[in-house]
Amino acid sequence: MAYKAPVRDLSFVLHDVLEVERYANHFADADLSRDLIDQIIAEGGKFAEEVIAPINRPGDQEGCHIEGDVVTTPKGWKEAYHQMVEAGWTSLSFGTEYGGQGLPAIVSMAVGQFTAAASAAFSMYPGLTAGAYHGIEASASDELKQIYLPRMATGEWTGTMNLTEPQCGTDLGMVRTKAVPNGGGSYSITGQKIWISAGEHDFADNIIHTVLARVEGAVPGIKGLSLFVVPKFLVNEDGSVGERNGVQCAGLEHKMGIHGNATCVMAYDNAKGWLIGEEGRGMNNMFVVMNEARLGTGLQGLAIGDAAYQAAVEFANDRLQGRALTGAKNPDGPADPIMVHPDVRRMLMESKAFVEGGRAFILWTALQADLQKSSDEATATKAKDYMGLITPVLKAYLTDKGFHVASLAMQVHGGSGYTEHFPASQYLRDARITMIYEGTNGIQALDLVGRKLPSNGGRAIMSWFADIDAFVAENGEDEAIKPFVDGLADTKKKLQDGTMWLMQNGMANPDNAGAASTDYLHIFGLTALAYMWAQMAKSASAKIAAGDTDPYYVTKLQTGRYFVERILPDAAAHLVKMKTGAEVLMQMPAEAF
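Small disclaimer: the values here were computed from a predicted structure and weren't measured.

(A) Up close: the environment of Met 84. Structurally, the position occupied by Met 84 is in helix α3 (residues 77-87). In the structure, Met 84 is positioned 33 residues away from Val 51 in sequence and 8.7 Å away in space, judged by C-alpha atoms. Here Met 84 is in contact with Phe 47, Ile 52, Trp 89, Thr 90, Thr 115, Phe 122 and Pro 126, once residues within four sequence places are set aside.

Next comes the structure, spelled out in C-alpha cells:
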C-alpha cells in the first residue's frame, strides 16, 4: 500500500485558509511566493513517496543492529538520508547565516508531515537534529554556534537531546549525570542516559549531543542543572572531525515500534562538553529543544494517523465482504466492498475529519512559530503567547487522536490488520510512543492547566477567546457555514466554562486541577479543530459560491460536517467529567487498587 502525500490539501490550507503569503513582510529571510511554496511542497511530497516510504516497512522488519558500540541502521536508510541531505530537505528552516535555506517553519512543517507519514522512525533522525540545532542556536556562545551549526544545518552532522536517566524521566530534578570543570571552558561529563533517540547510527560523521547534567557542587533539583553540547567526535580547530570523545552507545532498546530508529543507552565517561548558556539554566535552555520536539511529536502522531487512514481507505475499497444494507452495490461480484457499510464509513470519516482538522492545526501553529520572530512587537508577543499555550495541546491532542486513527485503521482491516501482512500493525505500534515521549500526554495536560493558562495573568487564553469571538461575530450570519460557526461558538463556551471552573476549584484543591486536566485539554483540542474547520469551511464555501466546480471543496464541507455533528459533541462529555473534581479519583486507598 503506497503512501500518497496530501499535497492538494496542504496547498488549500496554506493558501486559501491561512493565506500565508500575506505574512511575507514578517519574515526577513524567505520569499513566500505561492509558486515557491507549491514547488517545495510538491517536490517534498514526491521525495517522501519515492525515497522514504519504500524503506519504511523493511526498516520496521529489520530494525537497527549493534556490534560493540557501533550501530547500523536498516538496509537503505543511510543512503536515503544522504539523498535527503543532498537534496536540501534537512536545511529548509535553518538560518542562512549557518548555511540553511531560511524558509519559514510553516513550510518545513508542511514537508515534515510528508516525511513523518512516509516513515515516522526515519523522520526522527533529522527531527532530533532540528531540536538540538535550535537549542544551541538559542542559548550557546557564538563560538559554539560557529563550530556546530553549519554542519548540523546541512545535515552533515546530526543531533540529539539527552535528558532521561534510569531513575528519572518526568522528574528531571533527579538527574545524576555530573559535569566537572576542566578549566579552559570545557567540562568532563560522566553519567548514563537512556531512551536516546538517534543516539548512535551510521548516517553522519559526527553526532552532537545536548546533555542535561549537574555541575559538581550545584544545588539539588531542577535549579542545579545545566545544558552541555557533547560531540561524539571532538572538532579540530580547522573544523574537521578529531578524536573520539568519551561517549558511546552501551545498548539498543527493544521497542514496540519505531524499530528503524536507534533508541540508545548512552554512556558518558569523562566526555568533554561545553556549556550551553549559563550554569544552572539547563532546564530553561533545554525547553527550547523540548518544545521543538513536542511540536514535532504532535506532527508525527498526526502524520502516522494520516498514513494509517490512507491504508484503511485502500483496504475498504478493495476488500469484498457482505452486501450493502440497501441492496447490492457490486452485483457482478461475490460481495460488496466494505466501503458500503455505514460503520466502516463511520471509522473512515472520523479518521478523515481528525486528520484534516489536525493538519490545519499544525500549520496554523507553525505560522505562530514564524510570527513570534516578527519585527512587529505586538505580533511577536501574541504569537509567543500562543506558542506557549498551544504546544501542550497540539502534542497531546494530536498524538492521542493519531493513535486513535491508527487503531480505527486496524479495525477497518479486521483480522488482516492484526497480522504483519498489512501496514496497520506498524502504524499502530509506531503511533503509540508519540503519546509517551517528549513528556507524556498527562504531563502536557498538567503543563497546560498549571503553567500555561495562568501565565501572564491568563493573557494567552483571553486572546485566544477574543480571536474566536471575532471570527464568530464576523461570520455568524453566513448561512453557508452557520453549523460550523455555531459549533465553534458553543464549544468555545464550554472551554471558557471549563477554564472558569479550574480557576475556582483548582486553586482551592490542586488535585481538582490534576483530575480535570486531561478532559480540559481535550475540550481545548476540540475547540482548536472546530476553529480550523470553521475557517476551512469558510474558504471552501467561498470557492463554491464563486463557481469553482472542483469536487474537493464539496468533500471538504462534507468532512467538516461530520466533525461538527459526530465529533464536536464530545466536548460536552469532557466538561461534565472534569467538573466532577478529584474526589472520586483520590478517595480510594492505594491498597484497594
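(B) Region of the structure containing the pattern of salt bridges. Per the stated rule, a full pass over the model turns up 30 salt bridges. A salt bridge links Glu 565 to Arg 561; the shortest N-O distance between them is 2.8 Å. Separated by four residues within a single helix, Glu 565 and Arg 561 lie in helix α16 (residues 551-567), roughly one turn from each other. Residue Glu 565 is classed as partly exposed on the basis of its relative accessible area, which comes to 46%.

(C) Seen up close, the pairing of strand β4 (residues 178-183). Relative to strand β5 (residues 186-197), β4 runs antiparallel, the two sharing five bridges. Bridge assignment links Ala 179 to a residue of β5, and that residue is Ile 189. Between the antiparallel neighbours β4 and β5 lie two residues, among them Gly 184 with a positive phi of about 80°. Pairing geometry for β4 and strand β6 (residues 207-215), over two bridges, is parallel. Bridge pairing in β6 links Lys 178 to Arg 214.

(D) Representation of the packing of aromatic side chains within the structure. In the structure shown here, the tally under the stated rule is 22 aromatic pairs. With centroids separated by 4.4 Å and ring planes inclined at 45°, the aromatic side chains of Tyr 125 and Phe 203 adopt a geometry described as tilted. In this pair, Tyr 125 is assigned in helix α5 (residues 120-139) and Phe 203 in the loop between β5 and β6, connecting sequence segments 78 residues apart. Each of the two residues, Tyr 125 as well as Phe 203, counts as buried. Taking NZ or CZ as reference, Arg 244 lies 5.5 Å from the ring centre of Phe 233, over its face.

What counts, and at which threshold
Residues numbered from 1 in each chain as written. Predicted model: local features only at pLDDT ≥ 70, side-chain atom pairs only at ≥ 80, totals over all residues. Heavy atoms only, no water. Helix = DSSP H or I, 4+ residues; strand = E, 2+ residues; numbered from the N terminus. Contact = heavy atoms within 4.5 Å. Salt bridge = Lys/Arg side-chain N within 4 Å of Asp/Glu carboxyl O. Buried < 20%, exposed > 50% of the residue type's maximum accessible area, 1.4 Å probe, protein only. Pairing = 2+ DSSP bridges. Phe/Tyr/Trp six-rings, centres within 6.5 Å; stacked < 30°, edge-to-face > 60°. Lys NZ or Arg CZ within 6 Å of the ring centre and 35° of its normal.

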